[in-house]
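# Descriptive analysis of the structure
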Amino acid sequence: MGFVLFLLKRLLGLVPTFLGITLISFFVMHLAPGEPMSLQADFNPKMTPEMRQRLRAQYGLDKPLYVQYARWLKGLVHLDLGRSFSPDRRKVWDKIKERLPITILINVLSMALILGVSIPLGVRAAVRQNSLFDQVTTVLVFVAYAAPAFWVALLLMLFFGIELNILPVSGIHSLMGYEQMTTFQKILDWARHLVLPVFVSAIGGLAGFSRYTRSSMLEVLRQDYITTARAKGLPERVVIYRHALRNALLPLITILGLSIPGLIGGSVIFESIFAIPGVGQLMWSAVMARDYPVLMGNLVIVAVLTLLGNLLADIGYAAVDPRIRTGLQSEE
Amino acid sequence: MEGIFSAVAASKGSAWVRTLKELCSSPLTMSGLIIVGILIFTALFAPVLAPYDPQQIDTYHILEPPSHRHILGTDGLGRDCFSRLIFGARISLLVGFVAVGIATVVGTVLGAIAGYYGRWVDGLIMRFVDIMLCFPTIFLIMAVIAFLEPSIWNIMIVIGLTGWMGVARLVRAEFLSLKKRDFVLAARIAGASDLQIVFSEILPNAIAPILVSATLGVGGAILTESALSFLGIGVQPPTPSWGNMLTEGKDNLEIAWWLSVFPGLAILVTVLGYNLLGEGLRDFLDPRKKRRN
């Protein structure tokens, strides 16, 4: 019961945030000097003032701003984000929809990689604080934090793609012979193409998470209940993984939620480097072409994705921490 | 007797010297300080240090590998990469400082207002922060940049205006705890105005964490600028920036490895320097953290 109530409360809390996201996106759109459609109109030599006026009316740009916002918001709720300015004039949502799966897939895979590697790493570093292992990982974390992801991508392309020639450096599957492959070969082909992008998008997270895990573990290992567990004569492995890690992971769930926008933001970079047809690449080409409807649609969609990611993290937190879902802990 | 005098003299010796001494006691912080120092020096004296004009095109010597004449090789237009790298330091330094300056001022003002006034003002500002945090920064920056000329000033302003949320949260938290302290109460009883209390009582006590977050922020801003320039929507050629130099590296990846390796290394070392310095400052200014970690 407590959990359902908690969920309802959280969902209600999302509404103002969602409205805020749409307001900011709308504001950014109208930051444009001139109007979103003026660029399109300026390129057309046959454009007369009357036609321009008609176009304005067609796009609703002659209406007051709040009317335009209400209209746009109404469209947004129905996933109607307008049409692209590009020659194909396709619906913005259709363009985004077909590119979302690959971006989400890569982000989920890289999240799995981050959690799978950084948690054991952080735990080990904390348990053996100040050991050689701890110091080496600390240095690696600092370097990974400072390394520009796109540069690492270039180096990896240079090494694995060109020098060793063992991994493909662009696209998500082979262009030649892909149709003839068996399902297993296709999966293998995809995997080979995704290794570098997933790794590159995970670097920052790997560094951050092993660091957070380490400090969170250090914090927990100092608690009295750990001493109690040890005093009971429990094996160290049980103390570390059952008693300490479980509690250390709690704050990490929040950080996981907070790190989602950074992860999605990284998509722009690695998708453009590795020529992956995802949302990030769409965003980049929209900026280059000044395709405003696609730009705005993208901005809103990724923000909503982040919002949902945060909600998932909150639910995860509540699911593992009874204090939250029963509301025993104060709001602070 | 003399010992006492020198001790007194030492304690009187400027706080700055002592600060610096203590900072330098950690080798990591020390290396951060040295890196940042070298970077500032390079940026200031770029015209003296660079062996060639960074814009000088030399069509007879394009894409030359590193040699004694061009120690980091030449690019596709025959320009000296080492000289371009040196001038690129100016861009990175400028972007880092200005963008972080903007973010710090905006964040501090909003955080201070939220923390000091509390209630609905706090609620409103923090809700705004939450909303801003939902946007992947690079998407937000790209959406704004698309409407503007991609000049270096626009880039700095946009990076600054999308990076203040962390500072705001931090300053708010500091203000929430500091405003309840006795010295603030004393100032209020003495008849100080809100503005006086905020600026001369509370803010000076919150400077340390702001300074740490600003130092750490410089690295982030440099990374963002380089990514934008790499994507072709940041600093535009022919102005050399480490990010747009890497774009050329990507285009010539198979034939000129030196174009990809060195600018990235420069970014890495610079960001590392600021991060090390920031972490060192944090440990120094917050002894609690030092003990815990």
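Here the structure is a predicted model, which means the values were calculated and not measured. (Residues numbered from 1 in each chain as written. Chains lettered and ligands numbered in written order. Predicted model: local features only at pLDDT ≥ 70, side-chain atom pairs only at ≥ 80, totals over all residues.)

### Overview of the overall build of chain B
Scanning chain B from terminus to terminus reveals 14 helices and zero strands. Put simply, chain B runs from its N terminus to its C terminus through helices and strands in the order α-α-α-α-α-α-α-α-α-α-α-α-α-α. Residues counted as buried form 44% of the 293 residues belonging to chain B. In chain B, the proportion of contacts linking residues at least 24 apart, taken out of those at least 6 apart, comes to 68%. (Helix = DSSP H or I, 4+ residues; strand = E, 2+ residues; numbered from the N terminus. Buried ≥ 20, exposed ≤ 12 C-beta atoms within 10 Å, placed from the backbone. Contact = placed C-beta atoms within 7 Å.)

### Here we look at the overall build of chain A
Counting its secondary structure elements, chain A contains 13 helices and zero strands. In sequence order, chain A lays out its α and β elements as α-α-α-α-α-α-α-α-α-α-α-α-α. Burial status across chain A gives 36% buried among its 332 residues. Restricting the contact set of chain A to residue pairs at least 6 apart, pairs at least 24 apart contribute 71%.

### Focus on helix H8 (residues 152-161) of chain B
Turning to H8 of chain B, its buried residues number three or more, namely Ile 155, Met 156, Val 158, Ile 159 and Gly 160 of chain B. Contact partners of the buried residues in H8 of chain B: helix H5 (81-117), helix H7 (137-145) and helix H11 (194-230) of chain B.

### Details of the interface of chain B and chain A
If you look at the interface, chain B gives 39 residues, while chain A gives 41 residues. By residue number, the principal contributor to the side of chain B that touches chain A is helix H13 (residues 257-285) of chain B, which donates nine residues.

### Observations regarding the nonpolar core
Phe 150, Ala 153, Met 283, Leu 295 and Leu 299 of chain A together with Phe 139 and Met 142 of chain B are the most contacted members of the largest nonpolar core, which has 147 residues in total. With 15 residues, the single largest contributor to this core is H5 of chain B. Each of domain 1 (2-91) and domain 2 (100-277) of chain A gives at least three residues to this core. (Core = buried A, V, L, I, M, F, W, Y, C linked by C-beta atoms within 7 Å. Domains from an automatic or database assignment.)

### Describing the packing of helix H10 (residues 182-189) of chain B against H11 of chain B
The relative placement of two packed helices is expressed as an angle between their axes plus a distance between the axes. Residue and element names in this part refer to chain B. Look at H10 against H11: their axes get within 10 Å of each other, and the N-to-C directions meet at 145°. Judged by the twist between their axes, the crossing of H10 over H11 is right-handed. Along its contact with H10, which presents Phe 183, Val 184, Ala 187 and Arg 188, the element H11 presents Ile 197, Glu 201 and Ile 202. Split by residue class, the contact of H10 with H11 holds five nonpolar, no polar and two charged. (Axes fitted to C-alpha atoms, helices over the stretch in contact; angles between N-to-C directions. Left-handed = near helix turned anticlockwise from the far one by under 90°. Nonpolar A, V, L, I, M, F, W, Y, C, P; charged D, E, K, R; others polar.)

### Quick word on the packing of helix H11 (residues 279-289) of chain A against helix H12 (residues 292-320) of chain A
All names here are of chain A. The geometry of H11 relative to H12 is characterised by a closest axis approach of 9 Å and an angle of 145° between their N-to-C directions. At the point where H11 passes H12, the crossing takes the left-handed sense. Contacts between H11 and H12 involve Val 279, Leu 282, Met 283, Ala 286 and Val 287 on the former and, on the latter, Val 294, Leu 295, Asn 298 and Val 302.

### Some points on the environment of Phe 3 of chain A
All names here are of chain A. Tracing the sequence through the fold places Phe 3 in helix H1 (residues 2-29). For Phe 3, a count of 14 C-beta atoms within 10 Å gives the class partly exposed. Taking C-alpha positions, Phe 3 is 7.7 Å from Ala 318, a pair spaced 315 residues apart along the chain.

### Some thoughts on helix H4 (residues 65-77) of chain A
Relative to the 18 Å expected for 13 residues at 1.5 Å per residue, H4 of chain A spans 18 Å between its end C-alpha atoms, a close match to the ideal helical length. The first or second residue beyond H4 of chain A is Leu 79 of chain A, which carries a positive phi of 60°. (Expected span 1.5 Å × (residues − 1).)

### Considerations on unusual backbone geometry
Omega for the bond connecting Pro 237 of chain B with Pro 238 of chain B falls within 30 degrees of zero, at 10°, which places this linkage in the cis form. Note on placement: Pro 238 of chain B falls in the loop between H11 and helix H12 (242-251). Its identity is not glycine, yet Leu 79 of chain A carries a phi of approximately 60°, on the positive side.

### Observations concerning the environment of Leu 19 of chain A
Residue and element names in this part refer to chain A. Its place among the elements puts Leu 19 in helix H1. On the neighbour-count criterion, Leu 19 (12 C-beta atoms within 10 Å) is exposed. Between the alpha carbons of Leu 19 and Leu 73 there is a distance of 8.9 Å; along the sequence they are 54 residues apart.

### Examining the environment of Ile 155 of chain B
Residue and element names in this part refer to chain B. Note that Ile 155 resides in helix H8. Separated by 74 residues in sequence, Ile 155 and Ser 229 have C-alpha atoms that sit 9.4 Å apart. Not counting residues up to four positions away in its chain, the partners in contact with Ile 155 are Val 95, Pro 150, Glu 225, Leu 228, Gly 234 and Val 235.

### Notes on the confidence of the model for chain B
Residues and elements named next belong to chain B. Predicted confidence across chain B gives a mean pLDDT of 84, with 92% of residues reaching 70 or more. In the model of chain B, helix H1 (residues 2-12) stands out as the element of lowest mean pLDDT, 48, in contrast to H5, which has the highest, 91. Predicted confidence is poor over residues 1-9, with pLDDT under 50, and the contacts of this stretch with residues over four places away or in other chains come to zero contacts. Interface scoring of the predicted complex returns ipTM 0.83; its pTM is 0.85. (pLDDT = per-residue confidence, 0-100.)

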